[in-house]
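Listed below are the residues making up each chain.
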Amino acid sequence: MDGLGINLPSLITQFVNFGLLLALLWIFLHKPLGRVLAERRRRIEEGLHASEAAQEEAEAAKVQAEAEVQAGREQGQELVAQAQQIAARIQSDARDSATAESEAMLDRARQEIQRERDIAIAQLRSEFADLTIRAAERVIGQALDADAHQRLIDEVLADSSIGGRQN
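Just so it is clear, the model here is predicted, and its values are computed rather than measured.

Secondary structure assignment for the protein chain yields three helices and zero strands. Counting from the amino terminus, helix and strand elements in the protein chain follow one another as α-α-α. Buried positions account for 7% of the 167 residues belonging to the protein chain. Accessible area for the protein chain stands at about 14200 Å²; split by element, carbon and sulfur atoms hold 58% of it.

The following block contains the structure:
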């Protein structure tokens, strides 16, 4: 093999060196590297499991959040319904109060009208009595005393439509 440029003792020495190097690498590098790779694989699997658990928790939280949002909507609708009931009650109370106030104002106006009417009738009676006495004095041609005046006024008022009936 010398013709090929291969030295057999050197080749055997290189094979032995290669075998020893391979054994040393196997013992000192492969086992620790295997442990590091196994540890990394374990951490990756834990990360995947944790990711799956987090995803499940996120889904559960999403479902819970949707339920809480729905409950909030329902509560909001209840509050709106209560506010509408309160508003209707306030409107009804205001309407009732306004009606009562307008009726009170009408009663006061009617009383005022009645009072004004009574005053006008009293004034009209007084003027009518004065006119009647003046007319009677002219007809009789003499002044009447107080008793005669009163008697004449009572007679005229009893006969007249103003004194005989009140509206």
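Picking up where we left off.
Let us now look at the confidence of the model for the protein chain. A low pLDDT score tells you not to read the predicted coordinates there in detail. Scored by pLDDT, the protein chain comes out at a mean of 86, with 90% of its residues at no less than 70. Looking at the elements of the protein chain, mean pLDDT is at its lowest for helix α3 (residues 161-164), recorded as 51, and at its highest for helix α1 (residues 8-140), recorded as 91. Of the regions scoring below 50 in pLDDT, residues 163-167 engages in eight contacts with residues more than four places distant in sequence or in other chains.

Right, let's talk about the pattern of salt bridges for a bit. Under the definition given, this model contains five salt bridges. Among the salt bridges present, the one from Arg-42 reaches Glu-39, with a minimum N-O distance of 2.0 Å. Within this pair, Arg-42 and its partner Glu-39 are both found in helix α1, separated by three residues, close to a single helical turn. Measuring nitrogen to oxygen at the nearest pair gives 3.8 Å for the salt bridge that ties Asp-107 to Arg-110. Placement of both Asp-107 and Arg-110 in helix α1 is noted, with a separation of three residues, approximately one turn of the helix. The class of Arg-110 is exposed, set by a relative accessible area of 54%. Through salt bridges that share partners, Glu-39, Arg-42, Arg-43 and Glu-46 make up one connected network.

Time to look at a nonpolar patch on the surface. Taken together, the side chains of Leu-8, Ile-12, Val-16 and Leu-20 define a hydrophobic patch exposed on the protein surface, amounting to about 360 Å² of accessible area. Mapped onto the elements, Ile-12 comes out in helix α1. Judged by its relative accessible area of 45%, Ile-12 is partly exposed.

Rules behind the numbers
- Residues numbered from 1 in each chain as written.
- Predicted model: local features only at pLDDT ≥ 70, side-chain atom pairs only at ≥ 80, totals over all residues.
- Heavy atoms only, no water.
- Helix = DSSP H or I, 4+ residues; strand = E, 2+ residues; numbered from the N terminus.
- Buried < 20%, exposed > 50% of the residue type's maximum accessible area, 1.4 Å probe, protein only.
- Areas by Shrake-Rupley, 256 points an atom, 1.4 Å probe, with all protein chains shown as cover.
- pLDDT = per-residue confidence, 0-100.
- Contact = heavy atoms within 4.5 Å.
- Salt bridge = Lys/Arg side-chain N within 4 Å of Asp/Glu carboxyl O.
- Patch = residues over 30% accessible without salt bridge, like charges linked within 9 Å, V, L, I, M, F, W, Y side chains within 5 Å.

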